[in-house]
Every structure is written in C-alpha cells, then in structure tokens.
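Spelled out, the chains give:
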Number of protein chains: 2
Amino acid sequence: MILIMRSADGVDIDDRTARARIRDAAITRFAADGVAATSVRAIAADADVSPGLVIHHYGSKDALRHECDEYVAAVIRQQKHDVLVSGASFDPVAALRAAQSHVPLTRYLARTVIDGSPHVAELIDELVDDAASYMADGVATGMLRPTEYPYARAAIVTLMSLGMLVLHEHVDRLLGVDLTRDMSRVDDAVLATAYIGPMLELFTKGLIADEVAAAMRTVFVDGDAQALQQEEEPAS
Amino acid sequence: MILIMRSADGVDIDDRTARARIRDAAITRFAADGVAATSVRAIAADADVSPGLVIHHYGSKDALRHECDEYVAAVIRQQKHDVLVSGASFDPVAALRAAQSHVPLTRYLARTVIDGSPHVAELIDELVDDAASYMADGVATGMLRPTEYPYARAAIVTLMSLGMLVLHEHVDRLLGVDLTRDMSRVDDAVLATAYIGPMLELFTKGLIADEVAAAMRTVFVDGDAQALQQEEEPAS
DNA sequence: CACCCAGCTGAACGTTCGTTTATGATACTA
DNA sequence: TAGTATCATAAACGAACGTTCAGCTGGGTG
C-alpha cells in the first residue's frame, strides 16, 4: 500500500524506524500533491502511524517539511559526491544519471523548487556552481564549446534541466518520456527519438541561424530599449 | 491595497464588477501562493468583498480556480492572436514579447502549470503546436536551423522556456533577471549579459562539441540499454 | 518481580477552512 | 410608491486541519 523508499541507493542510511517512515511518506506526499495540499493525517496514514506521532517526532508540519528539505538536499549532495569520486570531471552519462537520481527525491525537488524553500534554493545554488565547475572542465577538455558567459550559461542550463523536471508531467504527455523515472531503466526507442535525440541536436547544432542571432544580438545585447521599438518604427 | 489587473491590455474585457475583482484577486493570489495555500477569505479580502460573495458568484473555490484557468488561457490566446495578426510568421522579438506577456497572468501560468489543470495542459499543447508551426516557418525562411525532430524540438524549446518561467524566482536570484516582469521595460545591461546574451550564444553556437554529441548519440539514440551499461562493463 | 521509559495511540482541543443561510441594501420597473 | 430582482453581507455551519495530551504498550534494567 505504501510506497516505501529504498533506504540505501548508495547512501548509508539504514533507518526503517517509524520516524524514517514518516519522513519518507512525507517526501512522497509533498512531491505528489505539494506541501500545502498534504495533511499530516495523510502522511500518518501512509506511514501507518497516528497523526500524533508525526508531531511527536518532528514538532510540527513545518519542521517536518524543513527536515524533508534537508534530507533530500543531503541525499542529492551524497549522490553528487558519489558521482564525483567515481567518474571524474564531466562524464555526460554519469551526470545525466545523477541528475535523474532517485525517483521520489527528484519529484520532491521538482515540487518544492517553486515553493521557495531556503534549503532548496541553497541546493540549487550549489548545483549551479557545480555545473559551472563541470562545464569549465568540459570546455578545457574540448567536450563543451567555449562561452562568453561561463556562470550564466551554467545557471541557464541547470535551470533549464530543472525546469524540464518540474514540468515532467507535460514532458510525459507531449513526448511520452517520464523524466522522474530512472532513465537507465527505460530502454525503448521513445526516449531516444523523443527526448535525447532532439536534445542533443539542439545543444550541438543550436537552434537559431547565425545571421538572425547576430541581428538579435545587435538589438538586445549591443542595442538598447530604443532599438527594441523597431517593430512599430523600423529604423536603420 | 488591491493589485488591480489592467482590464484592457489588448483584450476587450471591460468588467470591473465585484465578480471580476474577485477573479483578478484570485489569479494574483493563486499565482503568488498556489491554489491550495490560498483561502477564499484571503481572496475575498483582496477583492474587498465578503467570503460568501466569492461562493455566490462562482459556486465553489474549485469552480473559481476553473474560471481563472479559462480566463488566463483566453487572455493568452488573445495575445497570441494579436501577435499573429500584427507581425506575421516567426518574429523573435514579437515572440519574446508575447511569451513575456502580462505579469500576473504569466505568474499564474507558471504556478498552475504544475498543479495539473486540464485547461492549462490544453493551453500548453496549443503553445507547443503554435511553436512547431512558427519554427517550421523559421526553418523555411532560414532563420532557424533544420531539425530531424520538428515537433519534439518545438515541445522541448517551449517547455524549456516555460520551465525558466516557472523557476523565475531562481532565475532572478542567480542571474538578476525577473522573467515575470515585462522585458520591454527593462533596458539595463543586466538582462543582456545575464540572460539574452548567453541564451543567444547557447542556441546559436550550441553547447556540446560535435564529437562528444556523436558519441552520446551512439550510446543513447543508436545504441540500446546494453550500451547504456557501459559504465560498469565497458564493451566494444 | 517491579520499574520504567521510549515509542506510540486515540480522543480531543482550538482554529481555520469552504460553504450555507437568512437578511439587508440597492437599483430598476410598473 | 410599491414590487422585485440583483448584489452583497454577517453569522454560523460542519468538516478538516495542525496540534495537544493522558494513557497504553512492550522490551530493557534494577
């Protein structure tokens, strides 16, 4: 009945106490329905305990959510660390696997990322910093193209990936690919043609033609608000 | 006290009745705090009416949310139409402007896009279809690069843009650019260097080097699950 | 054995929620 | 002026919420 989180998964946490069960149930519920729409009673029912015990262990629903944030952040950091020490520098396969980590955790992150938790914001800052570091390595080894904006590019790519994760429901509906599922378990051609294929194409060949980009660059980067009005009054 | 939505903005809606005030207040509140975390009483207070009137006009909170969905979808469709009839085909400036449409509506869309509303899902499907159409035009006129995956690419780019919008809070924190603000009003260099600059670079030059992409393509697109396991057992 | 102290429960607390209802104010119509 | 929809409110409803608390349980210790 209860979706029990596999306790190990590379992380050395071995608790299966009621306290841990409550935390896992909370993470799954928060991820599925959002924090505000999840009741303490629902969490308690999922964890097969009384509502009172939830409060007894965590003090309040808010504190529980707080601890879920920290736990998810800790697990993701751990996974990041594991990836880092196993396959060094920028390994796209490992990075992709790390990004698509444990299912409920990923779903949790995708949900709470918009509810303005300071812990999650911190975690995202770290993810961006790490991405910037990885991508600098990637540029150095020639795997990635050089950039004028190392940090901004890392932030944008990270947030784009995260954004796709947040919108996983729509990605699934439109492309038939569930990003919150472990991708290494999906072996069909759908994933390839519907997601990774166009993704690789997009990030290899680009999207915008050079001359158009140059024009847009003139307007937005070199130009100013005046040039932005060129729709109504075509100048130059 | 109340954040009143400008009634016109290209859409021929001129109601300033209490009913409209409630709807506008609900959109703003739903956008800011989420649907579940917003109480009917808070909406009523923002609209300067009694909680009972909210129900009297809309029947229930859920029906109100339903109507907000439909209203936002209608306004966005209207704006899309306006852009379409004014500057034809794929005009990047107009497209960008249309994407960054009216502030509370954009925020609303960014919030409700993850709560699984059928109306919003429908709207997204339309946005993707439109993007596919625009991008096909762009390819025909040479403004965009050709693609093996026309629909998937359109979906990915649309969802990526939407994802950035959803994560606007983090985009703002990391890059100092508020995507929910009207971009034509922001004339400083921050927007250019922090967002549009790297965005243009990313979608023009790409990110991944050709040889790496070719390798990843071999693994993910041409290969299969067997090849995906090459980390543990490096084959071939 | 008595003790006891975590872990845990069931019932209840006060609050807030969405919603209902009875009633008042207002403006149009005959 | 009387009648009557329409718009709006204040008060209250039951349900569900987060939370509290007194008491039950069962394995470890004297």
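None of the values given here were measured: they were computed from a predicted structure. (Residues numbered from 1 in each chain as written. Chains lettered and ligands numbered in written order. Predicted model: local features only at pLDDT ≥ 70, side-chain atom pairs only at ≥ 80, totals over all residues. Heavy atoms only, no water.)

Brief notes about the packing of helix α8 (residues 150-166) of chain A against helix α8 (residues 150-166) of chain B
Then step 1. At a closest axis distance of 8 Å, the pairing of α8(A) and α8(B) adopts a crossing angle of 100°. With respect to α8(B), the axis of α8(A) lies roughly perpendicular. Listed contacts from α8(B) to A:I156, A:L159, A:M160, A:G163, A:M164 and A:V166 of α8(A) are B:I156, B:L159, B:M160, B:G163, B:M164 and B:V166.
Then step 2. The residue makeup of the contact of α8(A) with α8(B), split by class, is ten nonpolar, two polar and no charged. (Axes fitted to C-alpha atoms, helices over the stretch in contact; angles between N-to-C directions. Helix = DSSP H or I, 4+ residues; strand = E, 2+ residues; numbered from the N terminus. Parallel < 35°, antiparallel > 145°, perpendicular 65-115°, else oblique. Contact = heavy atoms within 4.5 Å. Nonpolar A, V, L, I, M, F, W, Y, C, P; charged D, E, K, R; others polar.)

Regarding the protein's contact with DNA strand D
Then step 1. If you check the shell around DNA strand D, you find 15 residues, and the closest are A:V40, A:R41, A:S60, A:K61 and B:S50.
Then step 2. For DNA strand D, the fraction of protein-proximal atoms (within 4 Å) that sit in sugar or phosphate groups is 54%.
Then step 3. At 3.5 Å from a phosphate oxygen of DNA strand D is found a main-chain nitrogen or oxygen belonging to A:T38.
Then step 4. Residue A:K61 places a main-chain N or O atom 2.6 Å away from a phosphate oxygen belonging to DNA strand D.
Then step 5. Looking at the surface near DNA strand D, the elements that each hand over two or more residues are α2 (40-46) and α3 (51-58) of chain A together with α3 (51-58) of chain B.
Then step 6. The residue makeup of the surface near DNA strand D, split by class, is five nonpolar, six polar and four charged. (Near = heavy atom within 4 Å. Polar contact = N/O pair within 3.5 Å; in protein donor to acceptor, adjacent residues only side chain to side chain.)

Observations regarding the protein's contact with DNA strand C
Then step 1. Every one of the 15 residues lining DNA strand C counts as a neighbour, but A:S50, B:V40, B:R41, B:S60 and B:K61 are closest to it.
Then step 2. Contact between DNA strand C and A:R41: a base nitrogen at 3.5 Å from a side-chain N or O atom of the residue.
Then step 3. Every element with two or more residues in the surface near DNA strand C is listed here: α3 of chain A together with α2 (40-46) and α3 of chain B.
Then step 4. In terms of residue class, the surface near DNA strand C is built from five nonpolar, six polar and four charged.

Focus on the relation of the copies chain B and chain A
Then step 1. It takes a turn of 180° to lay chain B on chain A, together with a shift of 0.0 Å along the axis; the resulting RMSD is 0.1 Å. The relationship between the two copies is best expressed as a two-fold rotation axis.
Then step 2. Looking at chain B, 99% of its interface residues are interface residues in chain A too, so the copies touch through the same face. (Least-squares fit on C-alpha atoms with pLDDT ≥ 70 in both.)

Here we look at helix α7 (residues 118-140) of chain B
Residues and elements named next belong to chain B.
Then step 1. An ideal rise of 1.5 Å per residue puts 33 Å on 23 residues; α7 measures up with 33 Å between its terminal C-alpha atoms.
Then step 2. Taking the backbone nitrogen of H119 as reference, a side-chain oxygen 3.2 Å away marks S117 as the first, capping residue of α7.
Then step 3. Just beyond α7, the residue with positive phi is G142, at close to 85°. (Expected span 1.5 Å × (residues − 1).)

A few points about the interface of chain B and chain A
Then step 1. Taken together, the contacts link 78 residues of chain B with 77 residues of chain A.
Then step 2. For the chain B and chain A pair, buried surface summed over both sides reaches about 7,500 Å², with 70% attributable to carbon and sulfur atoms.
Then step 3. On the surface where chain B and chain A come into contact, there are six salt bridges.
Then step 4. Ionic pairing is found between B:R145 and A:D210, a salt bridge with its closest N-O pair at 2.9 Å.
Then step 5. Scanning the region where chain B abuts chain A turns up 29 residue pairs in polar contact (both at pLDDT 80 or more).
Then step 6. Breaking the side of chain B that touches chain A down by element, the ones donating at least two residues are α5 (92-99), α7, α8, α9 (168-175), α10 (189-205), α11 (210-222) and α12 (225-228) of chain B.
Then step 7. When residues of the side of chain B that touches chain A are assigned to their parent elements, the largest contribution, 14 residues, is made by α10(B).
Then step 8. In terms of residue class, the side of chain B that touches chain A is built from 49 nonpolar, eleven polar and 18 charged. (Buried area = accessible area lost by both parts, 1.4 Å probe. Salt bridge = Lys/Arg side-chain N within 4 Å of Asp/Glu carboxyl O.)

Section: the pattern of salt bridges
Residues and elements named next belong to chain A.
Then step 1. This model, assessed by the stated rule, comprises 24 salt bridges over all chains.
Then step 2. Its salt-bridge partner being R29, residue D46 comes within 2.7 Å of it at the nearest N-O pair. With D46 in helix α2 and R29 in helix α1 (residues 18-33), this residue pair connects regions lying 17 residues apart in the sequence.
Then step 3. Classification of R29 by relative accessible area gives partly exposed; the value is 27%.
Then step 4. One connected set of salt bridges, linked through shared partners, spans R29, D33 and D46. (Buried < 20%, exposed > 50% of the residue type's maximum accessible area, 1.4 Å probe, protein only.)

A closer look at helix α9 (residues 168-175) of chain A
Residues and elements named next belong to chain A.
Then step 1. Here α9 has its buried residues at H168, H170, V171, L174 and L175. End-on view of α9: buried residues confined to an arc of 160°, all on one side of the axis.
Then step 2. Directly beyond the C-terminal end of α9, a positive phi value near 75° is found at G176. (Arc of directions from axis to C-beta.)

Remarks on the environment of B:P51
Residue and element names in this part refer to chain B.
Then step 1. Tracing the chain through its elements places P51 in helix α3.
Then step 2. Among the residues examined, P51 registers a relative accessible area of 35% and is labelled partly exposed.
Then step 3. Through-space distance from the C-alpha of P51 to that of R41 is 5.2 Å; in sequence the pair is ten residues apart.
Then step 4. Apart from the residues within four sequence positions on either side, P51 is in contact with V40, R41 and A44.

A look at the packing of aromatic side chains
Residues and elements named next belong to chain B.
Then step 1. Summed over the entire model, instances satisfying the criterion amount to zero aromatic pairs over all chains.
Then step 2. Across the ring face of Y58, the terminal group of R19 is positioned such that the distance to the ring centre comes to 4.4 Å.
Then step 3. Positioned above the aromatic ring of Y71, the side-chain terminus of R23 is 3.8 Å from the ring centre. (Phe/Tyr/Trp six-rings, centres within 6.5 Å; stacked < 30°, edge-to-face > 60°. Lys NZ or Arg CZ within 6 Å of the ring centre and 35° of its normal.)

Brief notes about the packing of α1(A) against helix α6 (residues 103-112) of chain A
Residues and elements named next belong to chain A.
Then step 1. Where α1 meets α6, the axes come as close as 8 Å, and the angle between the chain directions of the two elements is 50°. Our classification of the angle between α1 and α6 gives oblique. Along this stretch, α1 crosses α6, giving a crossing that reads as left-handed. Here I27, T28, F30, A31, A32 and D33 of α1 come into contact with α6, specifically with P104, R107, Y108 and R111.
Then step 2. Taken together, the residues of the contact of α1 with α6 sort by class into six nonpolar, one polar and three charged. (Left-handed = near helix turned anticlockwise from the far one by under 90°.)

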